[in-house]
Amino acid sequence: MEDLALIISTTLMYSTPLIFAALGGVFSENSGIVNIGLEGMMTIGAFSAAAAGVLIGNPWIAFLIGGLAGGLFALIHAFATITCNADHTISGVAINLLAPGVALFTSKIMFDGATMTPTIPMENKIPRPLHGLFETGSILDTIFNSYATVFLAFILVVVVYYVLYKTKFGLRVRAVGEHPGAADTLGISVAKTRYAAVIISGILAGLGGASMSLAVVSSFRPTLISGQGYIALAAVIFGKWRPQWAMVACLLFGFSTALSVFFGNPSLPFSINENLLSMIPYVVTLIVLVIFVKSSKAPAALGNPYKKGER
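The structure displayed is predicted, hence computed values, not measured ones. (Residues numbered from 1 in each chain as written. Predicted model: local features only at pLDDT ≥ 70, side-chain atom pairs only at ≥ 80, totals over all residues. Heavy atoms only, no water.)

Peer 1: Is there a simple way to explain the overall build of the chain in this structure?
Peer 2: When helices and strands are tallied, the chain shows 12 helices and zero strands. The N-to-C order of helical and strand elements in the chain reads α-α-α-α-α-α-α-α-α-α-α-α. Against the 2.2 N^0.38 benchmark of 19 Å for 311 residues, the chain shows a C-alpha radius of gyration of 20 Å, consistent with a compact globule. Here the C-alpha coordinates of the chain stretch approximately 65 × 45 × 40 Å along the principal axes. Across the 311 residues of the chain, 51% fall into the buried class. Across the chain, contacts joining residues at least 24 apart in sequence account for 78% of those joining residues at least 6 apart. (Helix = DSSP H or I, 4+ residues; strand = E, 2+ residues; numbered from the N terminus. Rg over C-alpha atoms; globule rule 2.2 N^0.38 Å. Buried < 20%, exposed > 50% of the residue type's maximum accessible area, 1.4 Å probe, protein only. Contact = heavy atoms within 4.5 Å.)

Peer 1: When you look at the nonpolar core in this model, what are you seeing that I'm missing?
Peer 2: General note: in soluble globular proteins, nonpolar side chains tend to be found buried as a group. Leu214 and Phe253 are the most contacted members of the largest nonpolar core, which has 73 residues in total. Those elements that place two or more of their residues in this core are helix 1 (2-30), helix 2 (38-55), helix 3 (59-83), helix 4 (88-110), helix 6 (148-166), helix 9 (190-216), helix 10 (228-238) and helix 11 (243-263). Discounting residues that sit within four places of it in the chain, Phe253 has contacts with Leu18, Ile231, Ala234, Ala235, Val284, Thr285 and Val288. Among the nonpolar cores identified, the runner-up in size contains five residues, and Val176, Ala183, Val190 and Tyr306 belong to it. (Core = buried A, V, L, I, M, F, W, Y, C linked by side-chain atoms within 4.5 Å.)

Peer 1: Looking at this structure, how should I read the environment of Phe169?
Peer 2: On the secondary structure map, Phe169 appears in helix 7 (residues 168-178). Given the relative accessible area of 30%, Phe169 is considered partly exposed. In this structure, the C-alpha to C-alpha distance between Phe169 and Gly24, residues 145 residues apart in sequence, is 15 Å. If near-sequence neighbours (up to four positions away) are discounted, Phe169 is found in contact with Phe27, Val163, Ala196 and Ile200.

Peer 1: Honestly, unusual backbone geometry in this entry has me stumped. Any pointers?
Peer 2: In terms of backbone geometry, most residues other than glycine have negative phi values and most peptide bonds are trans. With phi around 40°, Ser226 is a residue other than glycine that occupies positive phi space. Following the sequence through the fold, Ser226 ends up in the loop between helix 9 and helix 10. Its relative accessible area of 39% is what places Ser226 among the partly exposed residues. The phi dihedral of Lys240 falls on the positive side, at around 55°, and the residue is not glycine. Relative to the helices and strands, Lys240 is located in the loop between helix 10 and helix 11. Judged by relative accessible area, which is 41%, Lys240 ranks as partly exposed.

Peer 1: Before we go on, may I ask you to explain the packing of helix 10 against helix 11 in this structure?
Peer 2: A pair of packed helices is characterised by two quantities: the angle between their axes and the separation of those axes. At their nearest, the axes of helix 10 and helix 11 sit 7 Å apart, and the two run at 135° to each other. Between helix 10 and helix 11, the interaxial angle falls into the category oblique. Pair helix 10 / helix 11 crosses with right-handed handedness. Across from Ile231, Ala234, Ala235, Val236 and Phe238 in helix 10, the residues of helix 11 making contact are Trp245, Ala246, Ala249, Cys250 and Phe253. Looking at the contact of helix 10 with helix 11, its residues break down into 10 nonpolar, no polar and no charged. (Axes fitted to C-alpha atoms, helices over the stretch in contact; angles between N-to-C directions. Parallel < 35°, antiparallel > 145°, perpendicular 65-115°, else oblique. Left-handed = near helix turned anticlockwise from the far one by under 90°. Nonpolar A, V, L, I, M, F, W, Y, C, P; charged D, E, K, R; others polar.)

Peer 1: Just to check I follow, could you spell out the side chain of Asn35 for this structure?
Peer 2: Among the secondary structure elements, Asn35 is positioned in the loop between helix 1 and helix 2. Judged by relative accessible area, which is 0%, Asn35 ranks as buried. At a separation of 2.9 Å, a polar atom in the side chain of Asn35 contacts the side chain of Ser201. (Polar contact = N/O pair within 3.5 Å; in protein donor to acceptor, adjacent residues only side chain to side chain.)

Peer 1: Please clarify how a nonpolar patch on the surface should be interpreted in this entry.
Peer 2: There is a patch of nonpolar side chains on the surface, built from Ile272, Leu276, Met279, Val283, Ile287, Val290, Ile291 and Phe292 and spanning about 710 Å² of accessible area. Relative to the helices and strands, Val290 is located in helix 12 (residues 274-292). (Patch = residues over 30% accessible without salt bridge, like charges linked within 9 Å, V, L, I, M, F, W, Y side chains within 5 Å. Areas by Shrake-Rupley, 256 points an atom, 1.4 Å probe, with all protein chains shown as cover. Salt bridge = Lys/Arg side-chain N within 4 Å of Asp/Glu carboxyl O.)

Peer 1: Just to check I follow, could you spell out the packing of aromatic side chains for this structure?
Peer 2: Each aromatic ring pair is summarised here by two numbers: the centre-to-centre distance and the angle between the ring planes. Within the structure shown, the criterion is met by five aromatic pairs. Here Phe20 and Phe63 contribute two aromatic rings whose centre-to-centre distance is 6.0 Å and whose plane-to-plane angle is 70°, an arrangement assigned as edge-to-face. With a gap of 43 residues between them, Phe20 in helix 1 and Phe63 in helix 3 connect regions that are remote in the sequence. Side by side, Phe20 and Phe63 carry an identical accessibility label, which is buried. Aromatic pair Tyr161 and Tyr165: ring centres 5.0 Å apart, planes at 40°, arrangement tilted. Within this pair, Tyr161 and its partner Tyr165 are both found in helix 6, separated by four residues, close to a single helical turn. The rings of Phe20, Trp60 and Phe63 are connected pair by pair, giving a single aromatic cluster. The cationic tip of Arg128 hangs over the ring face of Tyr147; the distance from NZ or CZ to the ring centre is 4.0 Å. (Phe/Tyr/Trp six-rings, centres within 6.5 Å; stacked < 30°, edge-to-face > 60°. Lys NZ or Arg CZ within 6 Å of the ring centre and 35° of its normal.)

Following this line, the structure appears as structure tokens:
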């Protein structure tokens, strides 16, 4: 039971950044804009939050700065794809190349040539709201003594679902993603709606990166994100562009990471090659995509440029 509790706790911890980023992907892609740039937005969010955590010392301000940094790079993606009608995939790849470069360059300037930020003191990390509520070392303490970002991620799943399916803004987002011409004839600004959705997407991805550098670990380093943005994008596809199912996919991928961490414990009576263990989350991602991608129906206008007046 203790091992199971540890696996559940690790699953929640590693699923959290994926949930933030996947919710961002759900927003962007429901509006018709492919966002492969989630990886880069998470990276710049992770760096900005870590740097702010070191310099400011307030984890929540640093967390918000991470989200704003992701939103800024999402604005670049929105300008390229919506205003300039650039190919969504190429723009996203460019963001994934640009953001890590900016992060490393800025890190070298701010921290005396270092490509990683100094370690954030424990008291400046994201707090654990339920710390001390359960007996230390108990199963409940292991599972629920998580960082606040874990609980915030699950709350955001409900919020995003409500916004997308119960509000006028959410209806407009889905309308421009399915049939922008029809939305345009009803007086909905396709460009403004898509801009808003993509920027929200970047903010959420930036918060996902920030949750990595402020909670899961205590600093930023070049390999911190290492493909999690792509895994989050896979979760969006697996979840059929719906927030609740994207969350389920993120939990699955987080569970695969937790298994790799658990079986990498040197105290176990058997050992598994660490290279094989590190492959587990990515192998699971590929298998899930192969199985579910054919049954997933994307928004009809996803990836298609739109010019005002088109039908």
